[in-house]
Amino acid sequence: MTNAIDRNSYISPKAKLGRNVTVGHNTTIYDHVEIGDDSVICSNASVGEPLSAYYHDDRYQNPPTVIGPGSTIRSHSVIYAGCEIGEGFSSGHHVLIRSDTIIGKHCSIGSLSDIEGEVTIGSHCRLHSNIHISQTSSIGDCVWMFPFSVITNDPYPPSHDIRGAHIGSYSLLCVHAIVLAGLRVGENCLVGANSVVNKNLPDFSLASGTPLKVLDIRNYAVVGKGKLYPWMTRFERGMPWEGIGYEAWAAGQLRSASCHGD
Amino acid sequence: MTNAIDRNSYISPKAKLGRNVTVGHNTTIYDHVEIGDDSVICSNASVGEPLSAYYHDDRYQNPPTVIGPGSTIRSHSVIYAGCEIGEGFSSGHHVLIRSDTIIGKHCSIGSLSDIEGEVTIGSHCRLHSNIHISQTSSIGDCVWMFPFSVITNDPYPPSHDIRGAHIGSYSLLCVHAIVLAGLRVGENCLVGANSVVNKNLPDFSLASGTPLKVLDIRNYAVVGKGKLYPWMTRFERGMPWEGIGYEAWAAGQLRSASCHGD
Amino acid sequence: MTNAIDRNSYISPKAKLGRNVTVGHNTTIYDHVEIGDDSVICSNASVGEPLSAYYHDDRYQNPPTVIGPGSTIRSHSVIYAGCEIGEGFSSGHHVLIRSDTIIGKHCSIGSLSDIEGEVTIGSHCRLHSNIHISQTSSIGDCVWMFPFSVITNDPYPPSHDIRGAHIGSYSLLCVHAIVLAGLRVGENCLVGANSVVNKNLPDFSLASGTPLKVLDIRNYAVVGKGKLYPWMTRFERGMPWEGIGYEAWAAGQLRSASCHGD
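Residues numbered from 1 in each chain as written. Chains lettered and ligands numbered in written order. Predicted model: local features only at pLDDT ≥ 70, side-chain atom pairs only at ≥ 80, totals over all residues.

Broken down by element type, chain A carries one helix and 32 strands. Relative to the compact-globule value of 18 Å for 262 residues, chain A shows a C-alpha radius of gyration of 20 Å, a close match. For chain A, the C-alpha atoms occupy an extent of roughly 55 × 50 × 40 Å along the three principal directions. Across chain A, contacts joining residues at least 24 apart in sequence account for 25% of those joining residues at least 6 apart. (Helix = DSSP H or I, 4+ residues; strand = E, 2+ residues; numbered from the N terminus. Rg over C-alpha atoms; globule rule 2.2 N^0.38 Å. Contact = placed C-beta atoms within 7 Å.)

All right, on to the sheet that holds strand 20 (residues 138-139) of chain C then. Residues and elements named next belong to chain C. Reading across from one edge, 2-5-8-11-14-17-20-23-26 is the order of the nine strands in this open sheet, with parallel pairing throughout. Unpaired on one side and paired on the other, strand 2 (16-17) and strand 26 (184-185) mark the two borders of the sheet. Inspection of the sheet shows strand 17 (residues 120-121) paired to strand 20 by two bridges, in the parallel sense. Residue pairing for strand 20: Thr-120 is matched across the bridge by Ser-138. (Pairing = 2+ DSSP bridges.)

Neighbouring strands of a sheet are bound in pairs by backbone hydrogen bonds; such pairs are parallel or else antiparallel. Residues and elements named next belong to chain A. The sheet built from eleven strands is open, its strands ordered 3-6-9-12-15-18-21-24-27-29-30 with mixed pairing. Here the strands that pair on one side only, and so sit at the sheet edges, are strand 3 (22-23) and strand 30 (213-216). Judged from the two bridges that link them, strand 9 (residues 72-73) and strand 12 (residues 90-91) form a sheet pairing that is parallel. Bridge pairing in strand 12 links Thr-72 to Ser-90.

What follows is about the domain arrangement of chain A. Residue and element names in this part refer to chain A. Partitioning chain A into structural domains gives domain 1 (10-218) and domain 2 (232-262). Taking the mean C-alpha position of each, domain 1 and domain 2 sit 24 Å from one another. Taken together, the contact pairs four residues of domain 1 with four residues of domain 2. For the side of domain 1 that touches domain 2, a count of residues per class yields two nonpolar, two polar and no charged. (Domains from an automatic or database assignment. Nonpolar A, V, L, I, M, F, W, Y, C, P; charged D, E, K, R; others polar.)

Below, the discussion takes up the pairing of strand 7 (residues 46-49) of chain A. Residues and elements named next belong to chain A. Across two bridges, strand 4 (residues 28-29) lies against strand 7 in parallel orientation. Opposite Ile-29, over in strand 7, you have Val-47 as the bridge partner. Relative to strand 10 (residues 78-80), strand 7 runs parallel, the two sharing three bridges. Directly across from Ser-46, in strand 10, lies its bridge partner Val-78.

The next point concerns the relation of the copies chain A and chain B. Between chain A and chain B, the superposition needs a rotation of 120 degrees and an axial shift of 0.0 Å, giving an RMSD of 0.0 Å. The two molecules are tied by a three-fold rotation axis, judged by turn and shift. (Least-squares fit on C-alpha atoms with pLDDT ≥ 70 in both.)

Counting 214 residues, the largest nonpolar core has Val-179 and Val-191 of chain A, Val-179 and Val-191 of chain B together with Val-179 and Val-191 of chain C as the members making the most contacts within it. Those residues within four positions of Val-179 of chain B in sequence are excluded, and the remaining contacts are Ile-151, Thr-152, Ala-165, Ile-167, Leu-173, Val-185, Val-191 and Val-197 of chain B. (Core = buried A, V, L, I, M, F, W, Y, C linked by C-beta atoms within 7 Å. Buried ≥ 20, exposed ≤ 12 C-beta atoms within 10 Å, placed from the backbone.)

Here we take up unusual backbone geometry. Of note, the bond from Tyr-229 of chain A into Pro-230 of chain A is cis; its omega dihedral lies within 30 degrees of zero at -5 degrees. Relative to the elements of secondary structure, Pro-230 of chain A occurs in the loop between strand 32 (226-227) and helix 1 (246-259). Going from Pro-157 of chain B to Pro-158 of chain B, the amide bond is cis rather than trans, its omega being -10 degrees. In this structure, Asn-20 of chain A takes a positive phi of about 60 degrees despite not being glycine.

Residue-level pLDDT values for chain A average 95, and 97% of them are 70 or greater. Here the predicted complex scores 0.96 on pTM and 0.95 on ipTM. (pLDDT = per-residue confidence, 0-100.)

This next bit is on the pairing of strand 29 (residues 205-208) of chain A. Residue and element names in this part refer to chain A. Alternating positions in strand 29 separate cleanly, Ser-205 and Ala-207 being buried on one face and Leu-206 and Ser-208 remaining unburied on the opposite face. Across two bridges, strand 27 (residues 190-191) lies against strand 29 in parallel orientation. Bridging from a neighbouring strand, Leu-190 pairs with Leu-206 of strand 29. When strand 29 meets strand 30, the two strands line up antiparallel, connected through four bridges. If you follow Ser-208 over to strand 30, its bridge partner there is Lys-213.

Let's shift gears to the interface of chain B and chain C. Counting from both sides, the interface comprises 30 residues of chain B and, opposite them, 33 residues of chain C. Looking at the side of chain B that touches chain C residue by residue, the classes come out as 14 nonpolar, 14 polar and two charged.

On to the environment of Asp-100 of chain A, then. All names here are of chain A. Along the chain, Asp-100 turns up in the loop between strand 13 (96-97) and strand 14 (102-103). By C-beta crowding, Asp-100 is classed as partly exposed, having 18 other C-beta atoms within 10 Å. The residues contacting Asp-100, other than those within four sequence positions of it, are Gly-82, Gly-117 and Glu-118.

It is worth spelling out the environment of Asp-154 of chain A at this point. Residues and elements named next belong to chain A. Here Asp-154 shows up in the loop between strand 22 (150-151) and strand 23 (166-167). Each C-alpha atom of the pair Asp-154 and Ala-181 lies 5.3 Å from the other, and the pair is 27 residues apart in sequence. Leave out the neighbours within four places in its chain, and Asp-154 touches Ser-159, Ile-162 and Ala-181.

Residues and elements named next belong to chain A. When you line up the elements, Val-33 lands in strand 5 (residues 33-35). A sequence separation of 20 residues divides Val-33 from Pro-13, and the C-alpha atoms of the two residues are 9.9 Å apart. Once residues within four sequence positions are removed from consideration, Val-33 is found in contact with Ala-15, Val-47, Gly-48 and Thr-65.

So this is what it looks like as structure tokens:
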């Protein structure tokens, strides 16, 4: 299948495919899409999906779309023009990513998820299936979202006062968690299953229950397992500290940051 | 792209397309579909999707399907035969609308939503992504539904006593709101995030919390913003009162109704 | 349409289709798929979807996939290689079933649902639209799941301690119900709308509310209707006791089991 352009796929002559890119069946790659080396675009997908004006305005120009090298876009996914996605990206099936979304390196977004556009996502995030992120939301690095979790953006719907929430690095939103518009979830937080975040959460919050109760996650211990959060020292797969451990990696980050005077 | 029939799309000779209709790639338009002028049917979609009998009965006749003028059906959406959708409709991607659904004018239904059939939706409704409406439910005009909100239809599952709920005009169901089978949500209500409606709600209800608390929304004020509901005087975009204001429009409606003796 | 291979569909020469199988438009059936007699695979679907290695390894062999006779796979659905699905299966649209999922006879899985792989599902289950079942979960016979219900598999995310939950036969998960990782829901249970199961439930549990309250469902009566659960004596459609009644069928099962010395 190497570099194969399959049955009934269409690749715009204005798109640029890297070396060793595979394209599945019935897939469309529109103008001004750039796909990095060693990527796979599976069947029935659309990359660089044009904005509405494409259908009405003869002078329409598709904005540039970038998919980093080593990425996999699974079948029936739609990635709009104007997105910029870093290397090692992986999407599930039936994923929608709307325009002007910026995603860092080595992220994955699960099947049937909807990223509504103008969203910023850091690196190494793991967004599972069936999530919804509203426009103008932002997410740090190494964030996890689980099925049916949602980030909203309208505090008093319907309004024109659209402002997504922000989720800090290393935080987790469990299944059916809801973060309301405009709020900030700090770093290293865990929002429990089916919980509604209705106020800002400081770093290291364990937020759960109805009404929402907020504890310090560093005090949370499980019988027989001890303290489990922050989670970075006990989980490495796919994370930037894989193979070296979180502490060595974090120390390196710190050194590197101070070298650059940040 | 004007009136283009794109790569590998199929339009039944028994379908009727208006002037200036655009059809994307890999899309199928089945028998007895009528698409109004200036509409766009994007790629990988199916309009007039046949009922099960199509696959088993040689004498099967596809029931008529109507998509009003100025509509946009986005990619990977499936609209069953037997639906009747008014002008200015807009669907997101991966939307499913099952048979015998009737939708008024200028409605939108967001990506990955599922309208299960025999549903009636008024005009100017804004149903966001990832919603689910069960069979035989009905919705008034200018209703808003937010992601993962759901209307159910079986009070004691599994049963044959299927009866959808009704949502009154101008009401809002926030993210993850649930309306149980057979209930009536009045006009001008707001059901809060993650709330379960388990009884009928009178007009102007603000229903939220677990267990559900119901207040009069007209008394609800936000510090620095005052009273925000009903919302129609502070939001116009896409609503029938756009440009003239809700009060002038409503007065006109009243006059027009009394002229007709209604 | 009988046994038609439609416009732009591709069926691998290494796939085996039974008699009277219908395939829709733009559908791909991959290597080593076996489809039983009288089945329908609708448009824009993928059956035997290859695992990631397909795109990278020239020696990749697609694992066998079996779809039983009399099944219907609706449009835009993706069924991975390595699944084994019994007779009379029915999928909605945009359904995803990942690898190594085993499904019994006469099950249905609704539109926009995600079965994440290595899942075992019994016979006569009715999984409605928009559900999510995580890897390694299992489900008995005659189980019902309603929209946005979810079964999770990671007790302290992120971890490598992945263990799905188990749902016993005849149980129901209502809309937005959540069953947390590794737990067991017994037989004949009902989990209420929006409830979070955070402990094992014995047979005949009625579990609902926040925090979760567990009652014996056999004591639950509705005014004017009496006792409604277990539900098998009042609902037959599509169940193995259709036409003979649950009690006669169950007696037969018992006799048959004792004849075989089980």
